[in-house]
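# Structural description and commentary
In case you want the letters, here they are:
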Amino acid sequence: MAQTKQQRLIMRTVILAVLVVAIVYTIFTSATKEKVAVLSVGDKAPDFTLVDLNGEEHSLSNYKGQGVFLNFWGTWCKPCAKEMPAMDRQYEVFKDKGVQTLAVNIAQSDFEVQRFTDQYGLDFPVVIDKTKSVMDAYNINPLPTTMLINPQGKIEKIITGEMTEQDIAAFMEQIAPE
Amino acid sequence: MNKILCTCGHENPKGTVLCGSCGRPLTEEASNQKLVDMRYEGSARRSQTFNKSIIDKVWNFFSSVKVGVSLIVIILVAAAIGTILPQVFYVPATGEAEIAAYYERVYGTFGKLYYQLGLSDLYGSWWFQTLIGMLGISLIVASLDRVIPLYKSLKKQRTRRHESFMKRQRIFGIGENALGENTFAKSEEKLKSLGYNVKREDGAVLGEKARFSRWGPYINHLGLIIFLFGVMLRALPGFYVDETMWLREGETRAIPETPGYYLKSDEFILETYDKEKADEVFNDAIERVGTIASNYQTDVVLYKKPEDALPGQTDKLEEVKKDSIQVNEPLKFEGFAVYQMDFRLDELRSMQFNLSNKATGESLGDVSVDLVEPEMSYDLGNGNKVELLGYYPDFTGFENGEPQTQSPIPNNPAFLVKMTTPETPKGETSFVAIKQTVEPFGENKYKLEFNNVETRDVSGLTIRKDKTLWVLALGGLIFMIGVAQGSYWNHRRIWIHETKDGHIAVAAHTNKNWLSVKKDLDQVTLVANLPPYIDQHDLEALEEKKDGEKSS
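Reading guide: rules and limits
Residues numbered from 1 in each chain as written. Chains lettered and ligands numbered in written order. Predicted model: local features only at pLDDT ≥ 70, side-chain atom pairs only at ≥ 80, totals over all residues. Heavy atoms only, no water. Contact = heavy atoms within 4.5 Å. Buried area = accessible area lost by both parts, 1.4 Å probe. Salt bridge = Lys/Arg side-chain N within 4 Å of Asp/Glu carboxyl O. Polar contact = N/O pair within 3.5 Å; in protein donor to acceptor, adjacent residues only side chain to side chain. Helix = DSSP H or I, 4+ residues; strand = E, 2+ residues; numbered from the N terminus. Nonpolar A, V, L, I, M, F, W, Y, C, P; charged D, E, K, R; others polar. Domains from an automatic or database assignment. pLDDT = per-residue confidence, 0-100. Buried < 20%, exposed > 50% of the residue type's maximum accessible area, 1.4 Å probe, protein only. Pairing = 2+ DSSP bridges. Axes fitted to C-alpha atoms, helices over the stretch in contact; angles between N-to-C directions. Left-handed = near helix turned anticlockwise from the far one by under 90°. Parallel < 35°, antiparallel > 145°, perpendicular 65-115°, else oblique. Patch = residues over 30% accessible without salt bridge, like charges linked within 9 Å, V, L, I, M, F, W, Y side chains within 5 Å. Areas by Shrake-Rupley, 256 points an atom, 1.4 Å probe, with all protein chains shown as cover.

Below, the discussion takes up the interface of chain B and chain A. Between chain B and chain A, the residue contacts involve 58 residues of the former and 45 residues of the latter. With both sides pooled, the region where chain B packs onto chain A buries about 4,200 Å², and carbon together with sulfur makes up 63% of that total. Counting across the interface, chain B meets chain A through 3 salt bridges. Of the charged contacts, one joins Glu-373 of chain B and Lys-130 of chain A as a salt bridge, the two residues approaching to 2.2 Å between their closest N and O atoms. At the junction of chain B with chain A, the criterion picks out 13 residue pairs in polar contact (both at pLDDT 80 or more). Counting only elements with at least two residues in the side of chain B that touches chain A, the list comes to helix H2 (54–63), helix H5 (126–156), strand E7 (252–254), strand E15 (384–392) and strand E17 (402–405) of chain B. With 10 residues, H5 of chain B is the single largest residue contributor to the side of chain B that touches chain A. For the side of chain B that touches chain A, a count of residues per class yields 29 nonpolar, 16 polar and 13 charged.

On to the domain arrangement of chain A, then. Along its sequence, chain A is carved into domain 1 (1–35) and domain 2 (49–174). Taking only C-alpha atoms, the centre of domain 1 of chain A and the centre of domain 2 of chain A are 45 Å apart.

So, about the confidence of the model for chain B. Mean pLDDT over chain B stands at 87; residues scoring 70 or higher make up 97%. The spread of mean pLDDT over the elements of chain B runs between helix H12 (residues 536–551) of chain B, the lowest at 69, and helix H3 (residues 65–81) of chain B, the highest at 95.

Note on placement: Thr-424 of chain B falls in strand E19 (residues 424–433). Overall, the relative accessible area of 10% leaves Thr-424 of chain B in the buried class.

Below, the discussion takes up the pattern of salt bridges. The final tally for this structure, using the stated rule, is 25 salt bridges over all chains. Here Arg-12 of chain A ties to Asp-56 of chain B by a salt bridge, and the two come within 2.8 Å at their closest N and O atoms. Remark: Asp-56 of chain B occurs in helix H2 and Arg-12 of chain A occurs in helix H1 (residues 2–32); the pair is interchain, linking two chains. Neither residue differs from the other here; Arg-12 of chain A and Asp-56 of chain B are each classed as buried. When the shortest N-O distance is used, the salt bridge between Asp-520 of chain B and Arg-492 of chain B registers 3.1 Å. Linking Asp-520 of chain B in helix H11 (residues 514–528) with Arg-492 of chain B in strand E22 (residues 492–498), this pair joins segments that are 28 residues apart in sequence. For the pair shown, Asp-520 of chain B and Arg-492 of chain B are each scored as buried.

Residues and elements named next belong to chain B. Counting buried residues in strand E23 (residues 504–510) gives 7 out of 7 residues, a clear majority hidden from the surface. Covered by surrounding structure in E23 are Ile-504, Val-506, Ala-508 and Thr-510 together with Ala-505, Ala-507 and His-509, the residues of both alternating faces. Direction of pairing for strand E3 (residues 171–175) relative to E23: antiparallel, over a ladder of 5 bridges. Bridge pairing in E23 places Phe-172 opposite Ala-507. Direction of pairing for E22 relative to E23: antiparallel, over a ladder of 7 bridges. Each residue of the ladder has a partner; that of Arg-493, found in E23, is His-509. Hairpin connection from E22 to E23: 5 residues lie between these consecutive antiparallel strands, with Gly-502 at a positive phi of about 85 degrees.

Attention now moves to the packing of helix H2 (residues 78–94) of chain A against helix H5 (residues 165–174) of chain A. All names here are of chain A. Here H2 crosses H5 at 35 degrees, and the two axes come no closer than 9 Å. Like other packed secondary-structure pairs, H2 and H5 cross with a definite hand, here right-handed. Seen from H2, the contacting residues are Glu-83, Ala-86, Met-87, Arg-89, Gln-90, Tyr-91 and Phe-94; seen from H5, they are Glu-165, Ile-168, Ala-169, Met-172 and Glu-173. Across the contact of H2 with H5, the residue classes break down as 7 nonpolar, 1 polar and 4 charged.

Before going further, it helps to examine unusual backbone geometry. Omega for the peptide link from Leu-143 of chain A to Pro-144 of chain A comes to -5 degrees, which places this bond in the cis form. Residue placement: Pro-144 of chain A occurs in the loop between helix H4 (133–137) and strand E6 (145–149). The backbone phi angle of Ala-107 of chain A is positive, close to 50 degrees, even though this residue is not glycine. Looking at the element boundaries, Ala-107 of chain A is found in the loop between strand E4 (99–106) and helix H3 (110–120). With a relative accessible area of 22%, Ala-107 of chain A lands in the partly exposed category. One non-glycine residue with positive phi stands out, namely Asn-400 of chain B, at about 55 degrees. With respect to the helices and strands, the residue Asn-400 of chain B is situated in the loop between strand E16 (395–399) and E17.

Residue and element names in this part refer to chain B. Positionally, Val-17 belongs in the loop between strand E2 (11–12) and helix H1 (28–32). When the C-alpha atoms of Val-17 and Glu-540 are compared, they prove to be 21 Å apart, with 523 residues separating the residues in sequence. Excluding residues that lie within four positions of it along the chain, Val-17 makes contacts with Arg-24, Pro-25, Leu-26, Thr-27, Ala-30 and Gly-42.

This part takes up the packing of H5 of chain B against helix H8 (residues 216–233) of chain B. Residue and element names in this part refer to chain B. Taken N-terminus to C-terminus, the directions of H5 and H8 make an angle of 150 degrees; their axes are 10 Å apart at the nearest point. When the interaxial angle is binned, H5 and H8 end up roughly antiparallel. Handedness of the H5/H8 crossing: left-handed. Taking contact as the criterion, the partners of Ile-132, Gly-136, Leu-139, Ile-140, Ser-143, Arg-146, Val-147 and Leu-150 in H5 are, on H8, Tyr-218, His-221, Leu-224, Ile-225 and Leu-228. A class-by-class count of the residues in the contact of H5 with H8 yields 9 nonpolar, 3 polar and 1 charged.

The next thing to look at is the pairing of strand E9 (residues 293–304) of chain B. Bridging between strand E8 (residues 261–272) of chain B and E9 of chain B involves 11 bridges; their strand directions are antiparallel. Residue pairing in the sheet places Tyr-262 of chain B in a bridge with Tyr-303 of chain B of E9 of chain B.

All names here are of chain B. A grouping of Val-65, Val-69, Val-73, Val-77, Ile-81, Ile-84 and Phe-110 is seen on the molecular surface, where their side chains present a nonpolar patch of about 580 Å² in accessible area. Of the residues forming the nonpolar patch, the biggest block, 5 residues, is contributed by H3. With respect to the element layout, Ile-84 can be found in the loop between H3 and helix H4 (96–116).

Put into structure tokens, the structure is as follows:
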């Protein structure tokens, strides 16, 4: 008697718990679907290969063991242009400390990118994602977006919007190998 | 301790109204009724019996039909309110702040509240989803709470019921046994020929037909639950994709959300009905409207990157197939479908300029600038050269003397150029935009004049994948089976037995369509000489009517 009652309570608890978990999960995923990219902090950064203006290939896997400051940008995007000189200065500081800077332009012409890098005197490699496939793999929506990738190849932080030079320095410090 | 022991010896769970075995009324209330309430066979609905822990209370809440109906009403009202103002995806604004501002600007305080309450994205709002989830729980709990006791009591039912049960059935008759032992044999035979399942005991017959129709509502609920489960799956990765992409003629682009697929547009085609060729009946319409589109089409090539290639490596793409995407005829691959949804005609692709001497008008040659991949410099021969210093695809004006572009799309291209000729070896700088030429460093001898453009079309495509469709279809099918089961079949039972004093008692019950069960019983009565029956429901109604007349 007491046993069947006990069983019934367990049964009811299990059924309600399963339903509540399913519903909460559904609501949570659909609520966060649009705002958070498919990639999130802690995920492995997907490898890619893109060609820079000199025809050189750059793969994320080339920088294994280093931190990678991965910046997505476009020449028409004003906040992108504004943070570029600061990024370039910090690149010079951190390149020997094991932090690589890589700027990915979204599907613009070689001409525009070349003129831009000349104008700002950028020294870090700038690659162009002609088919937007890397943009798609990283689910980039607003520009600029910056991914901090740690020496283990995991995404440490995702920054959307403009950064100050202080921000950039702190972020690079964060992903510098020990 | 909580069991009710019936005089027939059957143990019933607490809360039982009619004994599960013999049908004796077990409560005071039931014994005082003329007719018994046959819902759920008088079995104990579990929710009403245990009400101890929190879990039990929650369970009981969801088990209530009133709660279920209230949830449905609330959901309907919310959905109705959701139609008052347009939903977010119809609003010409992107980004949260912009959308919020739009609702407030256009619809005032009501619009602001509407947005804040999540009514502007009803299906996406957490509280609406919570309501749907609660409805799902209600469906499951309420069904379990009813179907299990009902199943048990129908399974356990005895052939011989207690007289008090028989007497309280709506259709009941008692009288002489005209045929003696033969009554039961003949009844059994006739009931069988009418399609009844017959159980026979000493001096008692039970004919039962279409018991499965009692499960109709529960099967129907099961279908709904499967349907809701399918909708839930859409939130999980890999089950549902609904993306859009713009693809220009000649462009190759990664298809969003697909595993390494790329799409190249060869051509976008817009065809209209031709008055000459179309059937004569359409002429009026064509004349009235002007042009009527007959075809929207994008000719595409589908590529897949090799297994080992990384995103960005597009030099080794493998062609999968060529296809023409038309409205309702999507490109299909690996569970994905790419639909023709939208288009933009005549986006600038390249611009032709002519270099000429301003004074003499002498032409030194043409320059064609590819707006997708402009070159650094263009050699016109004979020492004439045009160098591109800057390209501003969507020129909006100058800021601190610097030309600005607001997007990477060539909506309003502008160029900063340096023209070099044997006469002007140092070069002359000019800013060339559509209908605008600026010579920043003084009067030039040569000019670059806009000549001609080439354009291309842009296709708006939608990428869909829906692995939940078959779940939704299955849910819908089961739902309909449940509806049919409960509507087109009726659960009928006819009891015939001998009373202690040698009379014959008959009773019948059905969950709907009483006329038919009476017809069945009439046929059995004829064959087995059963006593005549009365419909006590009619009797009750008649009495009520009389009472009403008296009091008035």
